[in-house]
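A closer look at the structure
Read off the chains here:
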Amino acid sequence: MDAGFPTYRGRMEYVCLDCGARYPGDSLLYTCPKCGGVFLLENLDFDKLRQQSGEEWRNLFDTRCASRTMAFRGIFRFYELLAPLMDEEDIVYLGEGLTPIVEASPALRDRVGLPFAYKNDGQNPSASFKDRGMACAFSYLKWLCRRHKWDEVLTVCASTGDTSAAAALYAAYVGAPLKSVVLLPHGKVTPQQLSQPLGSGATVLELPGVFDDCMKVVEMLAENYRVALLNSKNSWRILGQESFAYETAQWYGWDVTDLCIFVPIGNAGNVTAIMSGFLKMLDLGIIKNLPRLFGVQSEHADPVWRYYDAPKEARHWQPVTVTPSVAQAAMIGNPVSFPRVRALAERFVEKGGERAFQVMRVTEQQIMDAMIMANRHGHIACTQGGECLAGLLNARLLGLIGSNEHAVLDSTAHALKFAGFQEMYFNDSFPPEYQVRPDKSLANKPELLLPESARNGKAVDEFARLGAEAVVKRLGLQKK
Ligand SMILES: *Cc1c(COP(=O)(O)O)cnc(C)c1O
Ligand SMILES: [Zn+2]
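All values derive from a computational prediction rather than experimental measurement.

Rules behind the numbers
Residues numbered from 1 in each chain as written. Chains lettered and ligands numbered in written order. Predicted model: local features only at pLDDT ≥ 70, side-chain atom pairs only at ≥ 80, totals over all residues. Heavy atoms only, no water. Patch = residues over 30% accessible without salt bridge, like charges linked within 9 Å, V, L, I, M, F, W, Y side chains within 5 Å. Areas by Shrake-Rupley, 256 points an atom, 1.4 Å probe, with all protein chains shown as cover. Salt bridge = Lys/Arg side-chain N within 4 Å of Asp/Glu carboxyl O. Helix = DSSP H or I, 4+ residues; strand = E, 2+ residues; numbered from the N terminus. Domains from an automatic or database assignment. Pairing = 2+ DSSP bridges. Right-handed = clockwise from strand over helix to strand, strands pointing away. Buried < 20%, exposed > 50% of the residue type's maximum accessible area, 1.4 Å probe, protein only. Axes fitted to C-alpha atoms, helices over the stretch in contact; angles between N-to-C directions. Contact = heavy atoms within 4.5 Å. Near = heavy atom within 4 Å. Polar contact = N/O pair within 3.5 Å; in protein donor to acceptor, adjacent residues only side chain to side chain. Nonpolar A, V, L, I, M, F, W, Y, C, P; charged D, E, K, R; others polar.

Some remarks on a nonpolar patch on the surface
- A surface patch of nonpolar side chains, about 410 Å² in accessible area, is lined by Leu449, Val471, Val472, Leu475 and Leu477.
- Relative to the assigned elements, Val471 resides in helix H15 (residues 460-475).

Here you go:
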């Protein structure tokens, strides 16, 4: 059965989290023109969605699993909850979303002492969760270009690597009138991440400094010039990233009662989106209660942890200066979405209790050890995925999680993007500022069985025999 594309359309408005000003959703805005505050998008016709019961929504979303409508194959399976403005022709689908939730291998589960799973967001098209937000932002841009008959739009973003990879990919696919420019901190993204916007044909510009510096530049450009900003100040990206929450709830049969979700916090867009997604589902009766959500930060970039670690009365927002972190995609000292986190965490805790939202802090050492451990058990965690596992281990140690609970860890990117950190671990070559000392027993490297010269002048069979002998000797194989 095919449900077909919905006829429902929402009325989207930007709401400033500082001064409360509202602006219509059909203009490109990033920060409040009155006060500079960040926005969340609100659907003024959200109430109309209540005409369907929670059960009807659950059934509709489950029915769409089998739909052949292109738009339901990715994040827009949850169209009504995201940005219900676009028509079917606007929706960009590159295979994002619906990433697998893989239960921890039995041996890893036993080591951690708790059942848990990884949601492999590295299995998105540009190999990180950023594709969820980009699919929404680009679909919105297509809708906007059609509506305003724009003939050229320059998209720009600053990036710790993955935002630019995603932005460049979607811009390359959509083509005219969109063109993509990305701004990177020189030497602060991995070679794999750098290869992505280059391969997609984006204009790649670099500045010395760190991500926070590039972000400032891009903000100045967006305030004063005609460009479309694709950083997480772009509220449309947040909506797309809510899909992580919808998919997780759906996978667990819409029962998230005992779930504990772990997510790394960098610019804080993802954690915002996940809270927002679960709150919307609760609001519509799609889920009966909230899961628990744990943000995780490294000691080397921990402003959000610091804020929530203080007693409620003494909480005070203060950006930090970051030091090098293997969780490089989350190495951000002044997260632009912090006001969103504060606003949503308040609502989340109000509905789910004090334990519903917490922030954990982990060391660089714990992040690397956890990532290596996960991947040696058949997972494909990136360093941020390692960070989540380190957060789970700490939460377990501190008695914050019971053995009746089930954790879901967001591995936000594919392990391959961060292969360089694995290499430093295996070669014991971390620069001192990372403060990582590898467990040498885990070092893994290729072994050359015969010298290069062994191949020279030999027939294929003769060489194969030599090769096989070398393998037999190395492994101590017995004849059958
Ligand atoms: C962007 C990114 C993060 C941080 O997410 P925020 O939404 O900025 O908090 C974490 N991991 C990876 C792989 C990322 O690309
Ligand atoms: Zn404002």
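Brief notes about the domain arrangement of the protein
- The domains assigned to the protein are domain 1 (101-125 + 240-434) and domain 2 (447-480).
- In this structure, domain 1 and domain 2 have C-alpha centres spaced 46 Å apart.

Quick notes on the pairing of strand E8 (residues 203-207)
- Relative to E8, strand E7 (residues 178-185) runs parallel, the two being bridged by five bridges. When the sheet's bridge partners are listed, Val181 is paired in E8 with Thr203.
- Following the chain from E7 across helix H5 (residues 191-199) to the adjacent parallel E8, one finds a crossover that is right-handed.

Some remarks on the pattern of salt bridges
- Applying the stated rule across the entire model yields 26 salt bridges.
- Residue Lys119 is joined to Glu247 by a salt bridge in which the shortest nitrogen-to-oxygen separation is 2.8 Å. Note that Lys119 is positioned in strand E5 (residues 116-120) and Glu247 in helix H8 (residues 243-251), a separation of 128 residues in sequence.
- Judged by its relative accessible area of 1%, Lys119 falls in the buried class.
- For Glu247, a relative accessible area of 4% corresponds to the buried category.
- Put simply, Glu219 and Lys233 hold a salt bridge, and the shortest N to O gap is 2.7 Å. On the criterion of sequence distance, the pair formed by Glu219 in helix H6 (residues 211-224) and Lys233 in the loop between strand E9 (228-229) and helix H7 (235-241) is long-range, its members being 14 residues apart. Of the two residues examined, Glu219 and Lys233, each falls in the buried class.
- Several salt bridges share partner residues, and in doing so they unite Arg9, Asp87, Glu89, Asp90 and Arg146 into one network.

Notes on the pairing of E7
- Along E7, seven of the eight residues are buried, which leaves the element largely enclosed by surrounding structure.
- Relative to E7, strand E6 (residues 153-158) is paired through six bridges, and the arrangement is parallel. From the neighbouring strand, Val153 faces E7, where its bridge partner is Leu178.
- Handedness of the crossover joining E6 and E7 through helix H4 (residues 162-174) is recorded here as right-handed.

Notes on the sheet that holds strand E4 (residues 101-103)
- Spatially, E4-E5-E13-E10-E11-E12 is the arrangement adopted by the six strands of the open sheet, whose pairing is mixed. One side of each edge strand has no neighbouring strand; the edge strands of this open sheet are E4 and strand E12 (357-362). Each neighbouring strand pair of the sheet contributes to a mean axis angle of 25°, computed without reference to strand direction.
- Pairing of E5 with strand E13 (residues 406-411), which is carried by five bridges, proceeds in the parallel orientation. Across the sheet, Tyr118 pairs through a bridge with Leu409, a residue of E13.
- Running at roughly 150° to strand E10 (residues 259-264), helix H9 (residues 269-283) makes contact with E10, strand E11 (292-298), E12 and E13 of the sheet.

Comments concerning the sheet that holds strand E1 (residues 12-16)
- Strand order in the open sheet formed by three strands is E2-E1-E3, with antiparallel pairing between adjacent strands. Strands with a single pairing partner mark the edges of an open sheet, and in this sheet they are strand E2 (22-24) and strand E3 (39-43). Pairs of neighbouring strands in the sheet enclose a mean axial angle of 30°, with direction left out of account.
- Bridge analysis of E1 against E2 gives three bridges, and the strand direction is antiparallel. Its bridge partner lying in E2, Glu13 is registered against Pro24.

What about the site of ligand 1?
- Around ligand 1 sit 14 residues, and of these Lys130, Asp162, Asn267, Asn270 and Thr412 come closest.
- Here an oxygen atom of ligand 1 and a side-chain polar atom of Asp162 are 2.6 Å apart.
- One nitrogen or oxygen atom from the main chain of Ala268 is found 2.8 Å from an oxygen atom belonging to ligand 1.
- Contact with the protein chains covers 97% of the free accessible surface of ligand 1, which is 380 Å².
- Along the lines of polarity and charge, the residues of the shell around ligand 1 split into six nonpolar, six polar and two charged.

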